[in-house]
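Breakdown of the fold
Spelled out from the first residue to the last, the chains are:
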Amino acid sequence: MSISLSSLILLPIWISMAHIQQGGPDEKEKTTALKDLLSRIDLDELMKKDEPPLDFPDTLEGFEYAFNEKGQLRHIKTGEPFVFNYREDLHRWNQKRYEALGEIITKYVYELLEKDCNLKKISIPVDATESEPKSFIFMSEDALTNPQKLMVLIHGSGVVRAGQWARRLIINEDLDSGTQIPFIKRAMDEGYGVIVLNPNENYIEVEKPKIHVQSSSDSSDEPAEKRERKDKVSKETKKRRDFYEKYRNPQREKEMMQLYIRENGSPEEHAVYVWDHFIAQSAAENVFFVAHSYGGLAFVELMIQREADVKSKVTAVALTDSVHNVWHQEAGKTIREWMRENCCNWVSSSEPLDTSVESMLPDCPRVSAGTDRHELTSWKSFPSIFKFFTEASEAKTSSLKPTLTRRSHRIKHEEL
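Residues numbered from 1 in each chain as written. Predicted model: local features only at pLDDT ≥ 70, side-chain atom pairs only at ≥ 80, totals over all residues. Heavy atoms only, no water.

**Digging into the overall build of the protein chain**
- A tally of regular secondary structure across the protein chain gives 15 helices and 13 strands.
- A burial count over the protein chain gives 41% of its 416 residues as buried.
- Of the contacts formed within the protein chain by residues at least 6 apart in sequence, a portion of 70% connects residues at least 24 apart.
- When the accessible surface of the protein chain is totalled, it reaches about 24300 Å², and 51% of it is carbon and sulfur. (Helix = DSSP H or I, 4+ residues; strand = E, 2+ residues; numbered from the N terminus. Buried < 20%, exposed > 50% of the residue type's maximum accessible area, 1.4 Å probe, protein only. Contact = heavy atoms within 4.5 Å. Areas by Shrake-Rupley, 256 points an atom, 1.4 Å probe, with all protein chains shown as cover.)

**Here's the deal with the packing of aromatic side chains**
- Under the defined criterion, the tally for this structure stands at 21 aromatic pairs.
- Taking 4.9 Å as the distance between ring centres and 20° as the angle between the ring planes, the aromatic pair formed by phenylalanine 67 and tyrosine 108 counts as stacked. Linking phenylalanine 67 in strand β1 (residues 65-67) with tyrosine 108 in helix α5 (residues 91-115), this pair joins segments that are 41 residues apart in sequence.
- Overall, the relative accessible area of 25% leaves tyrosine 108 in the partly exposed class.
- For the pair phenylalanine 82 and tyrosine 98, a centre-to-centre distance of 6.0 Å together with 50° between the ring planes defines the contact as tilted. Here the residue phenylalanine 82 occupies a position in the loop between β2 (73-75) and α5, and tyrosine 98 occupies one in helix α5, the gap between them amounting to 16 residues.
- Owing to a relative accessible area of 9%, phenylalanine 82 belongs among the buried residues under this scheme.
- Among the aromatic side chains, those forming a connected cluster through ring pairs are Trp165, Phe183, Tyr192, Phe288, Trp346, Trp379, Phe382, Phe386, Phe388 and Phe389. (Phe/Tyr/Trp six-rings, centres within 6.5 Å; stacked < 30°, edge-to-face > 60°.)

**As for the side chain of arginine 161**
- Along the chain, arginine 161 turns up in the loop between β5 (149-154) and α6 (167-172).
- In this structure arginine 161 comes out as buried when scored by relative accessible area, which is 19%.
- At 3.3 Å, the side chain of arginine 161 forms a polar contact with the backbone oxygen of valine 159.
- Leave out the neighbours within four places in its chain, and arginine 161 touches Thr106, Tyr110, His155, Asn198, Asn200 and Glu201. (Polar contact = N/O pair within 3.5 Å; in protein donor to acceptor, adjacent residues only side chain to side chain.)

**Some details on the pattern of salt bridges**
- Counted by the stated rule, this structure contains 13 salt bridges.
- When the shortest N-O distance is used, the salt bridge between lysine 120 and glutamate 141 registers 3.9 Å. Here lysine 120 is found in strand β3 (residues 120-124), whereas its partner glutamate 141 is found in the loop between β4 (135-139) and β5, with 21 residues between them in sequence.
- For glutamate 190, the salt bridge identified is with arginine 186, shortest N-O distance 2.8 Å.
- On the basis of relative accessible area, glutamate 190 is assigned to the partly exposed category, the value being 31%.
- Residue classification places arginine 186 among the partly exposed positions, given a relative accessible area of 29%.
- It is possible to trace a salt-bridge network through shared partners that takes in Asp127, Glu132, Arg262 and Glu263. (Salt bridge = Lys/Arg side-chain N within 4 Å of Asp/Glu carboxyl O.)

**Regarding the sheet that holds strand β11 (residues 343-347)**
- Sheet architecture is open: nine strands sit in the order β3-β4-β6-β5-β9-β10-β11-β13-β12, paired in mixed fashion. Unpaired on one side and paired on the other, β3 and β12 (356-357) mark the two borders of the sheet.
- The sheet contacts of helix α8 (residues 181-189) involve β5, β6 (192-196) and β9 (286-292), and relative to β6 the element is tilted by about 155°. (Pairing = 2+ DSSP bridges. Axes fitted to C-alpha atoms, helices over the stretch in contact; angles between N-to-C directions.)

**Observations regarding helix α11 (residues 294-305)**
- Across its 12 residues, α11 extends 17 Å between first and last C-alpha, which sits within 8% of the 16 Å expected from 1.5 Å per residue.
- Every buried residue belonging to α11 is among Gly295, Gly296, Leu297, Ala298, Phe299, Val300, Leu302 and Met303, and all of these are buried.
- Residues of α11 that are buried in the fold lie against β5, α10 (267-279), β9, α12 (307-313), β10 (314-320) and α13 (333-342). (Expected span 1.5 Å × (residues − 1).)

**Things to note about α10**
- Of all 13 residues in α10, 10 are buried, a share of seventy percent or more.
- The set of residues buried in α10 consists of Pro267, Glu268, His270, Ala271, Val272, Tyr273, Val274, Trp275, Phe278 and Ile279.

**Quick notes on the environment of glycine 295**
- When you line up the elements, glycine 295 lands in helix α11.
- Classification of glycine 295 as buried rests on a relative accessible area of 1%.
- Sequence-wise, glycine 295 and histidine 155 are 140 residues apart; in three dimensions their C-alpha atoms are separated by 5.4 Å.
- Dropping the residues within four chain positions of it, glycine 295 is found in contact with Ile154, His155 and Gly156.

**Overview of unusual backbone geometry**
- Between isoleucine 124 and proline 125 the backbone carries a cis peptide bond, its omega angle lying at -5°.
- Structurally, proline 125 can be placed in the loop between β3 and β4.
- Even without being glycine, glutamate 64 reaches a positive phi, approximately 65°.
- Structurally, glutamate 64 can be placed in the loop between α4 (60-63) and β1.
- Note on glutamate 64: relative accessible area 30%, which makes it partly exposed.
- Even without being a glycine, aspartate 354 presents a positive backbone phi close to 75°.
- With a relative accessible area of 39%, aspartate 354 lands in the partly exposed category.

**What about the confidence of the model for the protein chain?**
- The predicted model of the protein chain has a mean per-residue pLDDT of 84, with 75% of residues at 70 or higher.
- Confidence over residues 246-250 falls short of pLDDT 50; this stretch has nine contacts with residues more than four positions distant or in other chains.
- Per-residue pLDDT stays below 50 along residues 401-416; that stretch engages in zero contacts with residues further than four places along the chain or on separate chains. (pLDDT = per-residue confidence, 0-100.)

Below you can see the structure in the form of structure tokens.
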């Protein structure tokens, strides 16, 4: 059985405390002192000393994983699925490894969007300077010019980025269930233009600049020899301090700061920005949204801020386990009424797909997604969503036809 470094450090203290507790009341002061010492020990820092370096590959091949023909992530040599607990009793290290793989997955999905789905990567803000932080979305070639139909995809919150529904599904299940690619391909096959939002890409991270305190030895009043001697002492002190810090916290990660992207600093801001600069400018007569989880909240916020525009352009909205709340978001009566007529929320439920589910909120109808797993709701409701959009489009067309017929009949009657 292996004994960790942290256990070896704490063992003498625990033994001392056990001996003291066997003594009389005179030993209470020593017990208090030892407890105070224990309270000052940062166990997280001690555990880091036991970890292997947080140095992970930057490619799937480096991790020795690849996606097979079914879109499943498998080990190149063993054919086994991804193993989270690669090293036992090192949860933090395993989590960091998982996160490193996740970043590779994100880039891999971006490549699939461009190469397999033929989408274009569009930088935003559209008027960004070369030096300011930027994000991006993905669009089909005809996204702004398709006169008939446009589909807009919005994922939920967290680590997912454009083209993903759930990183966990991509790693542990397959690309079909975890990415938006099946939606994109079917939409394009059925004549939709496509826009894929990227609502979690709100900032870039840069390393915090180190603040250099000017040394008192910089005083021009001191002789040059004395200044040099002080500088040498200062450098030696810094060297010793850095050595001690490296020993105390060998896994210390860089201190980072966040630089937010203009007009895209939150999922809600991002949705409004993409609406104003792309969706509202598109030629499509019918716009359809698919929004998962927090993406549903972002859509409702978009409605609140652009109600008239959304009503005039959007034909139907498919929500999947949306976390929106019309009361907390203070959506008005006219918005709630529009949502009841034009939205449907496929929620996690053990009931069969499309079974009606009761709702406490007076907004859109709720039906079962055919799964009780939140992250799977988009994939499981995939066929029903396209059927919903087709029916909504046909209903809109048929509701216009009688009006046009009556109008043309009236004109002919007046001419007579």
